[in-house]
Amino acid sequence: MTSHSVSAAAAGTWLLGDLKVNRIGFGAMRLTGSAALHQGTPSDRGQAISVLRRAVELGVNHIDTAAFYFSRLRSANELINSALAPYPDDLVIATKVGPARDAAGEWATPARPDQLRGQVEENLRQLGRDHLDVVNLRLMGQDCISEHFGALAELRDAGLIRHLGISGARPEHLAEAQAIAPVVCVQNRYSIDAPGEDELLRACAEFGIAFVPFFAIAGEGRMAGAARAEHDEVRAVARVHGISYAQIRLAWILRKGAHVLAIPGTGNPDHLVDNVAAGAIRLTEEELQLLNAIGSSKS
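Worth saying up front: this structure is predicted, and the values here are computed from it rather than measured.

**Considering the pairing of strand S1 (residues 13-16)**
Part 1 of the argument: Burial along S1 is one-sided: Trp14 and Leu16 are buried, while Thr13 and Leu15, pointing the other way, are not.
Part 2 of the argument: Counting the residues in the hairpin turn of S1 and strand S2 (residues 19-22) gives 2 residues, including Gly17, whose phi is positive at 65°.

**Re unusual backbone geometry**
Residues other than glycine predominantly adopt negative phi, and peptide bonds predominantly adopt the trans conformation.
Part 1 of the argument: Of note, the bond from Ala85 into Pro86 is cis; its omega dihedral lies within 30 degrees of zero at -5°.
Part 2 of the argument: With respect to the helices and strands, the residue Pro86 is situated in the loop between helix H2 (76-84) and strand S5 (92-97).
Part 3 of the argument: At Phe215, a position not held by glycine, the phi torsion is positive, near 60°.
Part 4 of the argument: Judged by its relative accessible area of 16%, Phe215 falls in the buried class.

**Focus: the pairing of S2**
Part 1 of the argument: Here 4 bridges tie S1 to S2, and the two strands are oriented antiparallel to one another. Opposite Thr13, over in S2, you have Asn22 as the bridge partner.

**So, the sheet that holds S5**
Backbone-to-backbone hydrogen bonds pair the strands of a sheet. The strands run either parallel or antiparallel.
Part 1 of the argument: One open sheet holds the 7 strands; their spatial order is S3-S4-S5-S8-S9-S10-S11, and the pairing between them is parallel. The sheet is open, and its two edges are formed by strand S3 (26-27) and strand S11 (210-214), each paired on a single side.
Part 2 of the argument: Along the sheet, helix H3 (residues 116-127) makes contact with S5, strand S8 (132-138) and strand S9 (161-167), crossing S5 at roughly 145°.

Reading the values: the criteria
Residues numbered from 1 in each chain as written. Predicted model: local features only at pLDDT ≥ 70, side-chain atom pairs only at ≥ 80, totals over all residues. Heavy atoms only, no water. Buried < 20%, exposed > 50% of the residue type's maximum accessible area, 1.4 Å probe, protein only. Helix = DSSP H or I, 4+ residues; strand = E, 2+ residues; numbered from the N terminus. Pairing = 2+ DSSP bridges. Contact = heavy atoms within 4.5 Å. Axes fitted to C-alpha atoms, helices over the stretch in contact; angles between N-to-C directions.

See the structure below:
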């Protein structure tokens, strides 16, 4: 498949509330440097901006970001603003609040409910917008989220936020949030080698809520990325299709349900094209069973 024929639309679409997005999106975390957040070498600004513009050219209309995605010299939100503003009408930008980092990049105490408005306004300033399309409350170990989610629901009622989601959540958190305001997405760690979210995956499907996995490619590597010895099953399926291991991981994710959205992130233009192309890959039932066995062996 040539880059000219690659399109994020090949994976199909889903509604985040009333916002239609292609199921292959883009995660902005790795735009800022050679490793996530403040680690590694700051990225080349021109290349990061080119990757964002190329993503939109390929049909990506769902970008995941956060104000706490920054390195010593780069801010993901600022890069998005510089690359894409004025924004296309169909572009949906989802961000996260809850975690906090100081100016030096060190993790600070997570936001209290009364501090979430400040985080929302920070995202608005950095992105140059008068409202945020989707804001996910990123849980930081709390058992009860009613005060935090309630604070975001008030900002939604005030017009600063259009839709709400939750991240790093358990099924009981989803029920708690839904009792306060509509939830359009759940963003959790999920991959071939770190499944373990099937109950939440099914609950989202039942309620028509998007399930948005992060670390779908990195898997057990998490923040360190995909540098690891790949599973034999992934290698075998990739050989049959003549594609990369990352593409197999994304194709597997997308087969977990029509409500599953992928947000692979990269600062590499070639990897971007490969990731978007994964939306057109169709795995057989036998291949799915082989890949599913990886997660089963870990449970």
